[in-house]
Amino acid sequence: MNRLIIISSTLLAAACAAVAPNALVKARADYDTAQQGPAGRHTPADLYEAKKQLDKANAEFETNGDTYLTRDYAYVASRKVEIANAKARIETDRQQMSSLAAEATQLRDQQYESKKNELNLTQKQLEEQRQATALNAQEAAAKAEALEAERAARAAAEDKLAGAMKDLATVAAVKEDRRGVVITLSGSVLFASGKSQLLNTAQTKLDQVATTLKDEADGQRITVEGHTDSVGSDVYNEQLSLARATAVRDYLVSRGVKAERIEAKGLGETKPLVDNSSSENRANNRRVEIVIHREEVPVG
Amino acid sequence: MRRAAIGAAALGMVLAGCATIKLPADQLEKSQATIKSAEVLGADKTPSAKLHLQFAKDEQQNARDMADRGDERAFSMLACSQADADLAVVLAQEAQVRGQAAKAARDVSTLKERGNRP
């Protein structure tokens with residue numbers, strides 16, 4: 001009897017120690033590996049499904065040994081492990097995609113902001129240019145307007161001066177040379193021979209000259225030049241011409257022409273108009289010239 | 001009597017040999033539907049998924065053949081077919097997701113290059 005028990009036990013032990021089929025060995029290894037990997041963290045539910053199949057395979061093997069059921073359960077267990085692994089990889093990929101999508105959004109936002117700032121700057125520059133152009137155009141228009149006004153004023157002034165000079169021409173010779181406008185009054189009209197005191201008749205003419213100077217040449221420098229003929233000494237003629245020029249100057253000042261604008265010079269016989277060979281020529285050389293210079297007297 | 005016994009036994013054997021197994025219709029339908037899903041997902045364009053899709057089809061046919069022969073293994077063979085079909089679906093999905101992830105990586109790379117341009 002004891003012998004029979006020993007033999008039975010030996011046979012049972014041999015059955016228990018039967019070599020597991022490759023499918024089961026692989027399924028166990030697959031499961032153990034998966035448990036330690038991403039599937040253990042990301043897809044435990046799928047791994048649990050694999051575990052249930054593996055348990056069935058183990059149970060079948062323990063009970064009946066290497067049967068087709070052991071192998072098929074193990075096969076299904078391995079497939080379910082693979083499913084768990086694949087799902088874990090998908091989860092990892094999705095996490096990576098999510099991270100990439102966030103990065104892409106951030107990059108797009110940054111680039112959008114950058115483009116927006118660039119656009120704003122360009123718009124600002126364009127607006128500044130537009131304003132500068134408008135200002136330039138405005139300034140140019142104002143300058144043109146001012147120039148036109150100045151030209152018109154000058155033309156009007158010239159017209160007025162021309163009119164005044166025309167009026168003046170009735171009492172004196174008026175001409176224009178490089179110095180400016182020159183009003184020439186005959187010496188015989190203004191003074192008695194050898195005198196430097198103005199004749200009464202001269203005063204009427206000088207009044208008109210004074211009016212013209214005040215109205216039309218206000219601000220310009222004026223020189224009153226006295227000229228004589230060649231009769232008499234140079235010194236005498238120079239003194240006489242200066243005295244006459246001074247008399248004219250003083251009279252004009254007394255009539256409102258500003259004293260600081262007007263000066264008197266005695267040039268004697270040094271600048272005759274014509275030679276002194278005849279009495280007519282000498283009469284022409286005896287004169288007073290009032291020169292209205294082109295340049296204005298600086299203010300102050 | 002003896003002749004009758006032999007005849008009955010022979011009939012039994014014949015009947016046993018011709019006995020078929022009826023596989024659960026819902027399981028068959030589910031297996032078929034899963035195979036269809038794998039195909040729709042493009043499993044035949046992904047080598048690993050394609051392999052398991054083929055396994056699933058072969059195993060399903062085996063299960064049907066076994067059921068016709070009355071082989072009890074037909075049930076576990078159908079389970080194997082379902083497992084391979086499920087795996088084919090997941091592998092096809094993985095290929096799709098991997099493609100999307102690669103595209104996302106390319107997009108980020110393109111954006112970075114664009115951002116680095118002066």
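If you're wondering where the values come from, they're calculated on a predicted model, not measured in any experiment.

1. Some details on the interface of chain B and chain A
Bring the parts together and some accessible area is lost; that lost area is often taken as the interface size.
Here is step 1 of the chain: If you look at the interface, chain B gives 28 residues, while chain A gives 21 residues.
Here is step 2 of the chain: Summed over both sides, the interface between chain B and chain A buries roughly 2,300 Å², with carbon and sulfur atoms accounting for 68% of that surface.
Here is step 3 of the chain: On the chain B side of the interface with chain A, the three residues burying the most area are Arg73(B), Val97(B) and Leu111(B), jointly 23% of the side's total.
Here is step 4 of the chain: As a salt-bridge pair, Lys112(B) and Glu103(A) come within 3.0 Å of each other at their nearest N and O atoms.
Here is step 5 of the chain: Across the chain B-chain A interface, the total number found is nine residue pairs in polar contact (both at pLDDT 80 or more).
Here is step 6 of the chain: Taken together, the elements giving at least two residues each to the side of chain B that touches chain A come down to helix 3 (47–69) and helix 4 (73–116) of chain B.
Here is step 7 of the chain: The biggest single contributor to the side of chain B that touches chain A is helix 4 of chain B, with 24 residues.
Here is step 8 of the chain: Residues belonging to the side of chain B that touches chain A are distributed by class as follows: 14 nonpolar, five polar and nine charged.

2. Looking at the domain arrangement of chain A
Here is step 1 of the chain: Partitioning chain A into domains gives domain 1 (14–139) and domain 2 (158–296).
Here is step 2 of the chain: With centres defined by C-alpha atoms, the gap from domain 1 of chain A to domain 2 of chain A works out at 114 Å.

3. What about the pairing of strand 2 (residues 180–186) of chain A?
Residue and element names in this part refer to chain A.
Here is step 1 of the chain: Among the seven residues that make up strand 2, six are buried, leaving the element largely enclosed by the rest of the structure.
Here is step 2 of the chain: Pairing of strand 1 (residues 173–177) with strand 2, which is carried by five bridges, proceeds in the antiparallel orientation. By the bridge assignment for strand 2, lysine 175 is matched with valine 182.
Here is step 3 of the chain: Between the end of strand 1 and the start of strand 2, which pair antiparallel, lie two residues.

Cut-offs and rules
Residues numbered from 1 in each chain as written. Chains lettered and ligands numbered in written order. Predicted model: local features only at pLDDT ≥ 70, side-chain atom pairs only at ≥ 80, totals over all residues. Heavy atoms only, no water. Contact = heavy atoms within 4.5 Å. Buried area = accessible area lost by both parts, 1.4 Å probe. Salt bridge = Lys/Arg side-chain N within 4 Å of Asp/Glu carboxyl O. Polar contact = N/O pair within 3.5 Å; in protein donor to acceptor, adjacent residues only side chain to side chain. Helix = DSSP H or I, 4+ residues; strand = E, 2+ residues; numbered from the N terminus. Nonpolar A, V, L, I, M, F, W, Y, C, P; charged D, E, K, R; others polar. Domains from an automatic or database assignment. Buried < 20%, exposed > 50% of the residue type's maximum accessible area, 1.4 Å probe, protein only. Pairing = 2+ DSSP bridges.

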